[in-house]
Amino acid sequence: MNLITRRSFLRQSAFAAGSMAVLSGTSSSGKVIGANNRLRIAVAGLHGRGKSHISGWLEQPNVEIAYVCDVDTRAMDKGVAAVAKKQATKPKGVQDLRRVLDDPSVDAVSIATPDHWHAPATILACAAGKHVYVEKPG
C-alpha cells in the first residue's frame, strides 16, 4: 500500500489546480489565457519550503513567477537569482507582500512564510482577490 504524505498531497494538489486553470484556457482570475499568456505567481517566504515552491512552480507549463518576496534581502536576492536562471523573465524581488498584492497582474500567491506569518499573509492575499496556496509550517 502506497501512502501519500500531507505535504506531498498538498503540493500535488496546488500544482494540479494551477495546471488545470492553464489547461482550461483561463487563469485563476478568470482572464482568458492566450498563446503567449501565463499564470503569474508570487512566492512569499524564500527559506526552506519557499525554495521548493519556486522549484515546483518552475516545473509547471504556462506559469511565470512574477515576484519573490521575503523580508530577508539575502533570501530575496537568492530567490530572484534562482528563478532568473530557469525562466525567461526575471522576477521582481520585494520585501513587503503588500506591494505584490497591489499588482493586478498577479493571479496567485504561494505562501511559505514562518509560523506566525502564514495566516496574515493568506488573509491579506484573499482580501486582495488573489488565489492562495499556503502551507502551515511544520
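Residues numbered from 1 in each chain as written. Predicted model: local features only at pLDDT ≥ 70, side-chain atom pairs only at ≥ 80, totals over all residues. Heavy atoms only, no water.

1. Quick look at the confidence of the model for the chain
For residues with low pLDDT, the predicted coordinates do not support detailed interpretation. Cut-off, in case you're wondering: A score from 0 to 100, pLDDT tells how confident the predictor is in each residue. Secondary structure is summarised from DSSP: a helix means a run of H or I of at least four residues, a strand means a run of E of at least two, and numbering begins at the N terminus for each.
The pLDDT averaged across the chain works out to 83; a share of 73% of its residues lies at or above 70. Per-element confidence in the chain is highest for strand S3 (residues 92–94), whose mean pLDDT is 97, and lowest for helix H1 (residues 6–23), whose mean pLDDT is 59.

2. Observations concerning the pattern of salt bridges
In plain terms, the rule: The rule for a salt bridge is simple: a side-chain nitrogen of Lys or Arg has to be within 4 Å of a carboxyl oxygen of Asp or Glu. Partly exposed residues are those whose accessible area sits between 20% and 50% of the maximum for their type, while under 20% is buried and over 50% is exposed, using a 1.4 Å probe and protein chains only.
Counted under the stated rule, the structure contains six salt bridges. Measuring nitrogen to oxygen at the nearest pair gives 2.8 Å for the salt bridge that ties glutamate 135 to arginine 49. A residue pair is termed long-range when its members are at least 10 positions apart, and glutamate 135 in the segment after strand S5 (131–134) and arginine 49 in helix H2 (residues 49–58) qualify at 86 residues. Taking the relative accessible area as the measure of exposure, glutamate 135 reaches 7% and is therefore buried. You can call arginine 49 partly exposed: its relative accessible area is 22%.

3. Some points on the pairing of strand S2 (residues 63–69)
Remember that side chains alternate between the two faces of the sheet whenever the strand is regular. Convention followed: When the strands point away from the viewer and the connection leading from the first strand across the helix to the second strand turns clockwise, the crossover is called right-handed.
Of all the seven residues making up S2, seven are buried; the element is thus mostly covered by neighbouring parts of the structure. Considered for its hand, the β-α-β crossover made up of strand S1 (residues 39–44), H2 and S2 is right-handed.

4. Section: the pairing of S5
Basically, it comes down to this: At least two bridges found by DSSP between two strands is the condition for calling them paired.
In this sheet, S5 lies alongside strand S4 (residues 108–111) in parallel orientation, the contact comprising four bridges. Bridge pairing in S5 links alanine 108 to histidine 131. Handedness of the S4-helix H5 (residues 118–127)-S5 crossover: right-handed.

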